[in-house]
Amino acid sequence: MKIVALAGGVGGAKLAHGLAQILPPEDLTVIVNTGDDFEHLGLSISPDLDTVCYTLAGLANPDMGWGRADETWNTIANIERLGGPNWFHLGDQDLATHIERTRRLKECQPLSRITRDFCKAWGIKPTVLPMSDQSIRTIVETDEGELAFQEYFVHRRCEPRTKGFRFEGVDKAKAAPGVGEAIQTAEAIVICPSNPWVSIAPILAVLSTLPEKWGEREGRNQIVAVSPIIAGKAVKGPAAKMYGELGIEPSALAVAKHYQNLAGGFILDEVDAKLEADIQGLNMQTLVTKTLMQNSDDRRHLAEDVLDFIGKLL
Ligand code: GDP
Ligand code: CA
(Lines give C-alpha, C1' and ligand atoms only; values in the text may rest on other atoms or scores of the structure.)
(Ligands and ions follow the chains in the order given, each with its own letter.)
Protein backbone atom coordinates (compact mmCIF):
# COMPACT_ATOMS: atom_id res chain seq x y z
CA MET A 1 0.00 0.00 0.00
CA LYS A 2 1.56 3.30 -1.10
CA ILE A 3 1.57 5.76 1.80
CA VAL A 4 2.53 9.41 2.07
CA ALA A 5 3.30 10.67 5.58
CA LEU A 6 3.26 14.40 6.36
CA ALA A 7 5.78 15.13 9.11
CA GLY A 8 7.36 17.85 11.19
CA GLY A 9 10.24 16.94 13.47
CA VAL A 10 10.01 14.78 16.56
CA GLY A 11 6.41 13.47 16.45
CA GLY A 12 6.48 13.06 12.69
CA ALA A 13 9.86 11.33 12.67
CA LYS A 14 8.74 8.75 15.22
CA LEU A 15 5.68 7.64 13.25
CA ALA A 16 7.62 7.79 9.97
CA HIS A 17 10.13 5.42 11.55
CA GLY A 18 7.29 3.08 12.59
CA LEU A 19 5.92 3.09 9.04
CA ALA A 20 9.41 2.50 7.64
CA GLN A 21 9.70 -0.63 9.79
CA ILE A 22 6.64 -2.15 8.08
CA LEU A 23 6.22 -0.80 4.56
CA PRO A 24 8.47 -1.71 1.64
CA PRO A 25 10.65 1.38 1.11
CA GLU A 26 9.19 2.08 -2.32
CA ASP A 27 5.75 2.38 -0.70
CA LEU A 28 6.66 5.15 1.77
CA THR A 29 7.22 8.82 1.00
CA VAL A 30 7.68 11.27 3.87
CA ILE A 31 6.95 14.92 3.04
CA VAL A 32 8.67 17.10 5.61
CA ASN A 33 8.05 20.64 6.85
CA THR A 34 10.73 23.16 5.91
CA GLY A 35 8.98 26.18 7.45
CA ASP A 36 11.39 25.94 10.41
CA ASP A 37 14.46 26.22 8.18
CA PHE A 38 16.76 29.13 8.89
CA GLU A 39 20.25 30.48 8.51
CA HIS A 40 22.54 30.49 11.51
CA LEU A 41 26.31 30.96 11.69
CA GLY A 42 26.20 31.28 7.90
CA LEU A 43 24.72 27.78 7.60
CA SER A 44 21.43 26.61 6.12
CA ILE A 45 19.70 24.53 8.77
CA SER A 46 16.66 22.31 8.12
CA PRO A 47 15.72 21.04 11.59
CA ASP A 48 12.70 18.89 10.69
CA LEU A 49 14.32 17.29 7.66
CA ASP A 50 17.33 16.40 9.77
CA THR A 51 15.23 15.00 12.62
CA VAL A 52 13.31 12.79 10.17
CA CYS A 53 16.49 11.65 8.39
CA TYR A 54 18.51 11.01 11.54
CA THR A 55 15.58 9.07 13.00
CA LEU A 56 15.06 6.93 9.88
CA ALA A 57 18.81 6.29 9.68
CA GLY A 58 19.05 5.27 13.34
CA LEU A 59 21.43 8.19 13.97
CA ALA A 60 19.10 10.32 16.12
CA ASN A 61 19.75 11.24 19.70
CA PRO A 62 17.19 9.17 21.61
CA ASP A 63 17.05 11.51 24.62
CA MET A 64 16.85 14.96 23.05
CA GLY A 65 14.57 14.10 20.13
CA TRP A 66 16.75 16.20 17.83
CA GLY A 67 20.39 16.04 16.75
CA ARG A 68 22.71 13.06 16.61
CA ALA A 69 23.43 10.22 19.00
CA ASP A 70 26.92 10.12 20.57
CA GLU A 71 27.33 13.80 19.80
CA THR A 72 30.14 16.12 20.93
CA TRP A 73 29.85 19.90 21.25
CA ASN A 74 33.38 21.22 20.76
CA THR A 75 32.63 23.62 17.91
CA ILE A 76 29.72 25.40 19.56
CA ALA A 77 31.65 25.61 22.85
CA ASN A 78 34.54 27.30 21.05
CA ILE A 79 32.19 29.63 19.16
CA GLU A 80 30.73 30.65 22.53
CA ARG A 81 34.22 31.22 23.89
CA LEU A 82 34.86 33.61 21.02
CA GLY A 83 31.72 35.53 21.92
CA GLY A 84 29.59 34.05 19.12
CA PRO A 85 25.94 33.04 19.39
CA ASN A 86 25.28 29.88 21.39
CA TRP A 87 21.49 29.83 21.69
CA PHE A 88 21.05 27.30 18.93
CA HIS A 89 22.89 24.14 19.87
CA LEU A 90 24.65 22.39 17.05
CA GLY A 91 26.70 19.28 17.67
CA ASP A 92 29.93 18.53 15.86
CA GLN A 93 28.53 15.68 13.74
CA ASP A 94 25.34 17.61 13.04
CA LEU A 95 27.40 20.59 11.85
CA ALA A 96 28.82 18.47 9.04
CA THR A 97 25.28 18.06 7.68
CA HIS A 98 24.70 21.83 7.71
CA ILE A 99 28.10 22.69 6.25
CA GLU A 100 27.72 20.25 3.37
CA ARG A 101 24.08 21.23 2.74
CA THR A 102 25.06 24.90 2.69
CA ARG A 103 27.92 24.26 0.27
CA ARG A 104 25.60 22.49 -2.15
CA LEU A 105 22.79 25.07 -1.82
CA LYS A 106 25.35 27.78 -2.64
CA GLU A 107 26.02 25.85 -5.86
CA CYS A 108 22.30 26.23 -6.56
CA GLN A 109 21.54 22.55 -6.06
CA PRO A 110 17.94 22.03 -4.95
CA LEU A 111 17.24 20.98 -1.37
CA SER A 112 15.30 17.94 -2.62
CA ARG A 113 18.32 16.61 -4.48
CA ILE A 114 20.65 17.28 -1.56
CA THR A 115 18.21 15.48 0.73
CA ARG A 116 17.99 12.52 -1.65
CA ASP A 117 21.80 12.22 -1.72
CA PHE A 118 22.11 12.56 2.06
CA CYS A 119 19.47 9.84 2.50
CA LYS A 120 21.46 7.57 0.21
CA ALA A 121 24.65 8.25 2.16
CA TRP A 122 22.86 7.53 5.45
CA GLY A 123 21.30 4.31 4.12
CA ILE A 124 17.70 5.60 4.27
CA LYS A 125 15.49 3.60 1.90
CA PRO A 126 12.07 5.34 1.96
CA THR A 127 11.75 8.60 0.01
CA VAL A 128 12.15 11.75 2.11
CA LEU A 129 11.10 14.99 0.40
CA PRO A 130 11.28 18.56 1.67
CA MET A 131 7.86 20.12 1.08
CA SER A 132 9.45 22.69 -1.25
CA ASP A 133 12.81 23.61 -2.73
CA GLN A 134 11.98 27.28 -2.27
CA SER A 135 12.37 29.15 0.97
CA ILE A 136 9.19 29.20 3.09
CA ARG A 137 9.57 30.69 6.55
CA THR A 138 7.13 30.24 9.40
CA ILE A 139 6.54 33.53 11.18
CA VAL A 140 4.92 33.44 14.61
CA GLU A 141 2.69 36.42 15.37
CA THR A 142 3.01 37.08 19.09
CA ASP A 143 2.12 39.68 21.70
CA GLU A 144 5.71 40.91 21.27
CA GLY A 145 5.39 41.24 17.49
CA GLU A 146 6.35 38.90 14.71
CA LEU A 147 9.11 36.43 15.36
CA ALA A 148 10.95 34.11 12.97
CA PHE A 149 10.18 30.55 13.98
CA GLN A 150 13.52 29.58 15.58
CA GLU A 151 13.69 32.94 17.31
CA TYR A 152 10.34 32.10 18.92
CA PHE A 153 10.93 28.37 19.41
CA VAL A 154 14.54 28.14 20.58
CA HIS A 155 15.82 31.60 21.44
CA ARG A 156 12.64 32.74 23.24
CA ARG A 157 11.70 29.20 24.38
CA CYS A 158 8.10 29.66 23.12
CA GLU A 159 7.49 32.22 25.88
CA PRO A 160 5.73 34.99 23.89
CA ARG A 161 1.98 34.48 23.53
CA THR A 162 1.01 33.32 20.06
CA LYS A 163 -1.64 35.18 18.11
CA GLY A 164 -1.27 33.51 14.72
CA PHE A 165 1.11 32.19 12.10
CA ARG A 166 2.03 32.94 8.54
CA PHE A 167 4.22 31.13 6.08
CA GLU A 168 6.32 33.68 4.30
CA GLY A 169 7.06 32.82 0.69
CA VAL A 170 4.43 30.12 0.33
CA ASP A 171 2.54 32.11 -2.32
CA LYS A 172 5.61 32.08 -4.55
CA ALA A 173 6.78 28.55 -3.70
CA LYS A 174 6.12 25.30 -5.50
CA ALA A 175 5.96 21.83 -4.03
CA ALA A 176 9.30 20.04 -4.39
CA PRO A 177 9.76 17.63 -7.30
CA GLY A 178 8.11 14.32 -6.44
CA VAL A 179 5.61 15.76 -3.95
CA GLY A 180 2.69 16.04 -6.39
CA GLU A 181 3.38 12.61 -7.86
CA ALA A 182 3.65 10.98 -4.42
CA ILE A 183 0.32 12.50 -3.39
CA GLN A 184 -1.32 11.40 -6.65
CA THR A 185 -0.13 7.82 -6.45
CA ALA A 186 -0.59 7.33 -2.70
CA GLU A 187 -3.42 5.10 -1.60
CA ALA A 188 -3.54 6.99 1.68
CA ILE A 189 -2.03 10.00 3.39
CA VAL A 190 -1.07 9.94 7.05
CA ILE A 191 -0.92 13.22 8.94
CA CYS A 192 1.66 12.36 11.60
CA PRO A 193 1.27 13.50 15.23
CA SER A 194 3.20 16.68 14.49
CA ASN A 195 2.33 20.19 15.60
CA PRO A 196 -0.80 21.13 13.57
CA TRP A 197 0.01 24.87 13.61
CA VAL A 198 3.67 25.01 12.71
CA SER A 199 4.59 21.58 11.32
CA ILE A 200 1.55 20.37 9.36
CA ALA A 201 -0.04 23.72 8.39
CA PRO A 202 2.98 24.82 6.29
CA ILE A 203 2.93 21.48 4.42
CA LEU A 204 -0.82 21.80 3.80
CA ALA A 205 -0.25 25.36 2.56
CA VAL A 206 2.25 24.05 0.01
CA LEU A 207 0.03 21.13 -1.01
CA SER A 208 -2.83 23.55 -1.62
CA THR A 209 -0.71 25.09 -4.40
CA LEU A 210 -0.60 21.77 -6.28
CA PRO A 211 -2.55 21.83 -9.53
CA GLU A 212 -4.29 18.60 -8.48
CA LYS A 213 -6.96 19.22 -5.85
CA TRP A 214 -5.41 16.64 -3.60
CA GLY A 215 -7.72 16.96 -0.60
CA GLU A 216 -10.77 16.35 -2.71
CA ARG A 217 -9.44 13.73 -5.06
CA GLU A 218 -11.10 10.59 -3.83
CA GLY A 219 -12.52 11.56 -0.54
CA ARG A 220 -11.48 12.16 3.01
CA ASN A 221 -11.21 8.45 3.78
CA GLN A 222 -7.80 8.37 2.20
CA ILE A 223 -6.50 10.84 4.78
CA VAL A 224 -5.90 9.83 8.38
CA ALA A 225 -4.57 12.07 11.15
CA VAL A 226 -2.94 11.04 14.42
CA SER A 227 -3.38 13.34 17.42
CA PRO A 228 -0.24 14.96 18.83
CA ILE A 229 -2.28 16.00 21.86
CA ILE A 230 -2.71 13.35 24.55
CA ALA A 231 -4.76 14.10 27.67
CA GLY A 232 -4.86 17.78 26.74
CA LYS A 233 -1.09 18.07 26.60
CA ALA A 234 1.58 17.98 23.94
CA VAL A 235 4.08 15.17 24.44
CA LYS A 236 6.77 17.73 23.64
CA GLY A 237 6.78 21.29 22.36
CA PRO A 238 4.30 24.17 22.27
CA ALA A 239 1.27 22.65 20.46
CA ALA A 240 -1.02 22.68 23.54
CA LYS A 241 0.20 26.14 24.57
CA MET A 242 -0.59 27.42 21.07
CA TYR A 243 -4.13 26.02 21.15
CA GLY A 244 -4.71 27.67 24.54
CA GLU A 245 -3.35 31.04 23.45
CA LEU A 246 -5.50 30.94 20.33
CA GLY A 247 -8.56 30.47 22.53
CA ILE A 248 -9.08 26.75 21.88
CA GLU A 249 -8.98 24.21 24.68
CA PRO A 250 -6.17 21.80 23.74
CA SER A 251 -7.46 18.27 23.24
CA ALA A 252 -7.60 15.47 20.69
CA LEU A 253 -11.07 16.84 19.84
CA ALA A 254 -9.56 20.24 19.01
CA VAL A 255 -7.04 18.53 16.71
CA ALA A 256 -9.83 16.51 15.08
CA LYS A 257 -11.76 19.73 14.43
CA HIS A 258 -8.58 21.16 12.91
CA TYR A 259 -8.50 18.36 10.30
CA GLN A 260 -12.21 17.71 10.02
CA ASN A 261 -12.61 18.95 6.43
CA LEU A 262 -9.54 17.10 5.25
CA ALA A 263 -9.26 13.77 7.05
CA GLY A 264 -11.91 11.06 7.21
CA GLY A 265 -10.02 9.08 9.83
CA PHE A 266 -8.70 10.19 13.21
CA ILE A 267 -6.54 8.31 15.70
CA LEU A 268 -6.62 9.35 19.32
CA ASP A 269 -4.92 7.99 22.40
CA GLU A 270 -6.60 5.46 24.67
CA VAL A 271 -6.46 7.91 27.58
CA ASP A 272 -8.74 10.19 25.51
CA ALA A 273 -11.29 7.46 24.70
CA LYS A 274 -14.07 9.60 26.19
CA LEU A 275 -13.66 12.05 23.27
CA GLU A 276 -14.31 9.38 20.66
CA ALA A 277 -18.07 9.97 20.30
CA ASP A 278 -17.60 13.73 19.89
CA ILE A 279 -14.97 13.13 17.20
CA GLN A 280 -17.28 10.70 15.41
CA GLY A 281 -19.86 13.50 15.56
CA LEU A 282 -17.52 15.47 13.27
CA ASN A 283 -18.16 12.84 10.61
CA MET A 284 -14.79 11.22 11.20
CA GLN A 285 -14.10 7.53 11.68
CA THR A 286 -12.01 6.93 14.77
CA LEU A 287 -9.45 4.55 16.17
CA VAL A 288 -8.56 4.61 19.85
CA THR A 289 -5.15 3.14 20.57
CA LYS A 290 -1.86 3.75 22.35
CA THR A 291 -0.31 6.67 20.50
CA LEU A 292 2.56 7.50 22.86
CA MET A 293 5.75 6.28 21.17
CA GLN A 294 8.41 5.74 23.80
CA ASN A 295 10.51 3.23 21.90
CA SER A 296 10.96 1.65 18.52
CA ASP A 297 8.33 -1.06 19.19
CA ASP A 298 5.74 1.60 20.11
CA ARG A 299 6.44 3.30 16.79
CA ARG A 300 5.94 0.06 14.86
CA HIS A 301 2.77 -0.83 16.77
CA LEU A 302 1.23 2.58 16.12
CA ALA A 303 2.21 2.34 12.44
CA GLU A 304 0.55 -1.11 12.27
CA ASP A 305 -2.60 0.35 13.83
CA VAL A 306 -2.55 3.26 11.36
CA LEU A 307 -2.24 0.90 8.37
CA ASP A 308 -4.98 -1.47 9.65
CA PHE A 309 -7.25 1.52 10.20
CA ILE A 310 -6.57 2.79 6.68
CA GLY A 311 -7.34 -0.70 5.34
CA LYS A 312 -10.76 -0.53 6.97
CA LEU A 313 -11.48 3.01 5.73
CA LEU A 314 -10.61 2.42 2.07
P1 GDP B 1 9.01 19.33 16.00
O2 GDP B 1 9.05 19.89 14.62
O3 GDP B 1 10.29 18.70 16.42
O4 GDP B 1 8.39 20.23 17.00
O5 GDP B 1 8.09 18.07 15.87
P6 GDP B 1 6.65 17.74 15.37
O7 GDP B 1 5.83 18.91 15.02
O8 GDP B 1 6.76 16.62 14.37
O9 GDP B 1 6.15 17.06 16.68
C10 GDP B 1 5.77 17.79 17.81
C11 GDP B 1 4.47 17.19 18.26
O12 GDP B 1 4.64 15.79 18.36
C13 GDP B 1 4.06 17.66 19.62
O14 GDP B 1 2.82 18.31 19.50
C15 GDP B 1 3.97 16.38 20.44
O16 GDP B 1 2.84 16.37 21.27
C17 GDP B 1 3.85 15.31 19.40
N18 GDP B 1 4.45 14.05 19.81
C19 GDP B 1 5.73 13.83 20.15
N20 GDP B 1 5.91 12.54 20.50
C21 GDP B 1 4.68 11.95 20.38
C22 GDP B 1 4.22 10.62 20.59
O23 GDP B 1 4.96 9.73 20.98
N24 GDP B 1 2.89 10.39 20.36
C25 GDP B 1 2.03 11.37 19.93
N26 GDP B 1 0.76 11.06 19.72
N27 GDP B 1 2.46 12.64 19.73
C28 GDP B 1 3.76 12.89 19.94
CA1 CA C 1 9.89 21.60 13.67
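Rules behind the numbers
Residues numbered from 1 in each chain as written. Chains lettered and ligands numbered in written order. Predicted model: local features only at pLDDT ≥ 70, side-chain atom pairs only at ≥ 80, totals over all residues. Heavy atoms only, no water. Buried < 20%, exposed > 50% of the residue type's maximum accessible area, 1.4 Å probe, protein only. Helix = DSSP H or I, 4+ residues; strand = E, 2+ residues; numbered from the N terminus. Pairing = 2+ DSSP bridges. Near = heavy atom within 4 Å. Polar contact = N/O pair within 3.5 Å; in protein donor to acceptor, adjacent residues only side chain to side chain. Areas by Shrake-Rupley, 256 points an atom, 1.4 Å probe, with all protein chains shown as cover. Nonpolar A, V, L, I, M, F, W, Y, C, P; charged D, E, K, R; others polar. Donors = N, O, S within 2.8 Å, 3.2 Å for Na, K, Ca; no water. Axes fitted to C-alpha atoms, helices over the stretch in contact; angles between N-to-C directions. Contact = heavy atoms within 4.5 Å. Expected span 1.5 Å × (residues − 1).

K.L.:
I'd like to hear about the pairing of strand 13 (residues 265-269), residue by residue, with values.
P.N.:
Among the 5 residues of strand 13, 5 are classified as buried, and the element is accordingly described as predominantly covered. Of the strand pairs in this sheet, strand 10 (residues 223-226) and strand 13 are connected by 3 bridges, and their pairing is parallel. Bridge pairing links V224 to G265 in strand 13. Relative to strand 14 (residues 285-289), strand 13 runs parallel, the two sharing 5 bridges. Bridging across to strand 14, I267 finds its partner in L287.

K.L.:
Lay out unusual backbone geometry in plain terms, naming residues and giving numbers.
P.N.:
The phi torsion at L41 lies on the positive side, around 55°, for a residue other than glycine. Along the chain, the position of L41 falls in the loop between strand 3 (38-40) and strand 4 (43-45). What makes L41 partly exposed here is its relative accessible area of 36%.

K.L.:
So, the site of ligand 1: which residues are in play, and what are the values?
P.N.:
Surveying the vicinity of ligand 1 reveals 21 residues, the closest of which are S194, S199, P228, V235 and M293. Interatomic distance of 2.6 Å between a side-chain N/O atom of S194 and an oxygen atom of ligand 1. The separation between a nitrogen atom of ligand 1 and a polar main-chain atom of S227 is 2.9 Å. Considered on its own, ligand 1 offers 590 Å² of accessible surface; in the complex 95% of this is hidden by protein. Element by element, the count of residues in the shell around ligand 1 is highest for helix 1 (residues 10-22), at 4 residues. Looking at side-chain class alone, the shell around ligand 1 contains 9 nonpolar, 9 polar and 3 charged residues.

K.L.:
Give me the lowdown on the coordination of the calcium ion (ligand 2), citing residues and values where you can.
P.N.:
For the calcium ion (ligand 2), the protein coordination sphere consists of D36 (OD), D48 (OD) and D48 (OD), at 2.0 to 2.6 Å. Taken together, the positions of D36 in the loop between strand 2 (28-32) and strand 3 and D48 in helix 2 (residues 47-57) put the pair 12 residues apart, joining distant regions of the chain. Residue classification places D36 among the buried positions, given a relative accessible area of 5%. In this structure D48 comes out as buried when scored by relative accessible area, which is 6%.

K.L.:
Just give me the short version of the sheet that holds strand 7 (residues 145-148), but keep the residues and values in it.
P.N.:
Spatially, 3 strands are ordered 7-6-8 in an open sheet, and the strand pairing comes out antiparallel. Of all strands in the sheet, those bounded by a partner on one side alone are strand 7 and strand 8 (162-168). For this sheet, the mean inter-axis angle between neighbouring strands, taken without regard to orientation, is 25°. The pairing of strand 6 (residues 137-142) with strand 8 spans 6 bridges and is antiparallel. In the strand pairing of strand 8, R137 is matched with E168.

K.L.:
So what about the side chain of D298? Which residues, and what values?
P.N.:
With respect to the secondary-structure elements, D298 resides in helix 12 (residues 296-313). Accessibility expressed as a relative area gives 11% for D298, which makes it buried.

K.L.:
I'd love a proper account of the sheet that holds strand 2, names of residues and values included.
P.N.:
The strand order across the open sheet built from 7 strands is 5-2-1-9-10-13-14, with neighbouring strands paired in parallel fashion. Two strands close off the open sheet at either side, each with one partner strand: strand 5 (127-130) and strand 14. Between one strand axis and the next, the sheet turns by 20° as a mean value, whatever way the strands run. Examined bridge by bridge, strand 1 (residues 3-7) and strand 2 share 5 bridges and lie parallel to one another. Looking at the pairing, I3 lines up with L28 of strand 2. Each of strand 1, strand 2 and strand 5 is contacted by helix 2, which is oriented at about 170° to strand 5, the strand it contacts most. Along the sheet, helix 10 (residues 252-259) contacts strand 9 (188-191), strand 10 and strand 13; its crossing angle with strand 13, the most-contacted strand, is approximately 165°.

K.L.:
Report on helix 4 (residues 92-106), specifying residues and quantitative values.
P.N.:
Compared with the 21 Å implied by 1.5 Å per residue over 15 residues, the 21 Å span of helix 4 between its first and last C-alpha is a close match. Those residues of helix 4 that are buried lie in contact with strand 4, helix 2, helix 3 (74-81) and helix 5 (111-122). Just beyond helix 4, the residue with positive phi is C108, at close to 65°.

K.L.:
I'd like to hear about the environment of V206, residue by residue, with values.
P.N.:
Within the element layout of this structure, V206 appears in helix 8 (residues 196-207). With 153 residues separating them along the chain, V206 and C53 place their C-alpha atoms 21 Å apart. With residues up to four places along the chain from it excluded, the contact list for V206 reads M131, I136, V170, K174 and A175.

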